[in-house]
Amino acid sequence: QVPLVESGGGLVQAGGSLRLSCAASGRTFSRYGMGWFRQAPGKEREFVSAISWSGGTTYYADSVKGRFTISRDNANNTVSLQMNSLKPEDTAAYYCAAKSGASLNYRNDRLYDYWGQGTQVTVSS
């Protein structure tokens, strides 16, 4: 089990920034690839960003590339998502997830084993 707890969501104006954090419990955090997904009301959950277990490889959805930055701290069992230049269309519940498999497909939410409870991000225009 890898319990995950997100924090850092909130209300921000368009153009502003937020930093989401995801804290994991357990000793095996560094073995997991980590991802961020989001889901807006009435829409399907979508991939946002992911990072390999070592932090050496990162992945981004085209819609956030250049604005969001994912990072991880294996010593402190955390993964973060720095979100800059936020847009109203970024409004959603954001979830972090942990992936244990060897697959390099970080964009498929079905390949993730553990999920946090989500944190709401609302961007006003």
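In what follows, the accompanying structure is described.

Cut-offs applied
Residues numbered from 1 in each chain as written. Predicted model: local features only at pLDDT ≥ 70, side-chain atom pairs only at ≥ 80, totals over all residues. Heavy atoms only, no water. Phe/Tyr/Trp six-rings, centres within 6.5 Å; stacked < 30°, edge-to-face > 60°. Helix = DSSP H or I, 4+ residues; strand = E, 2+ residues; numbered from the N terminus. Buried < 20%, exposed > 50% of the residue type's maximum accessible area, 1.4 Å probe, protein only. Lys NZ or Arg CZ within 6 Å of the ring centre and 35° of its normal. Pairing = 2+ DSSP bridges.

Here we take up the packing of aromatic side chains. Evaluated as defined, the whole model comprises 6 aromatic pairs. A centroid spacing of 5.7 Å and a plane angle of 75 degrees characterise the contact between Phe37 and Phe47, whose relative ring orientation is edge-to-face. Here Phe37, found in strand S4 (residues 33-39), pairs with Phe47, found in strand S5 (residues 46-51); they are 10 residues apart in sequence, far enough to count as distant. Each member of the pair, Phe37 as well as Phe47, is classed as buried. Considering the side-chain rings of Tyr59 and Tyr106, the 4.7 Å spacing of their centres and the 20 degrees angle between planes classify their relative orientation as stacked. Of this pair, Tyr59 sits in strand S6 (residues 58-60) while Tyr106 sits in the loop between strand S9 (92-99) and strand S10 (114-115), and the two are 47 residues apart along the sequence. Of the two residues, Tyr59 and Tyr106, both sit in the buried class. Ring pairs connect the aromatic residues Phe37, Phe47, Tyr112 and Trp115, which therefore count as one cluster. One residue, Arg72, lies across the ring of Phe29, its end atom 4.5 Å from the ring centre. Lying across the ring of Tyr106, Lys99 places its NZ or CZ 4.6 Å from the centre.

Here is the key point about a regular strand: its side chains alternate between the two faces of the sheet. By the bridge criterion, 6 bridges tie strand S3 (residues 18-24) to strand S8 (residues 78-83) in an arrangement that is antiparallel. Within the sheet, the bridge partner assigned to Leu20 lies in S8 and is Leu81. With antiparallel pairing between neighbouring strands as the criterion, strand S7 (residues 68-73) and S8 make up a hairpin whose turn holds 4 residues, including Asn77 at a positive phi of roughly 55 degrees.

On the secondary structure map, Gly66 appears in the loop between S6 and S7. When the C-alpha positions of Gly66 and Val2 are compared, they lie 30 Å apart, and in sequence the two are 64 residues distant.

These figures come from the coordinates and say nothing about function on their own.
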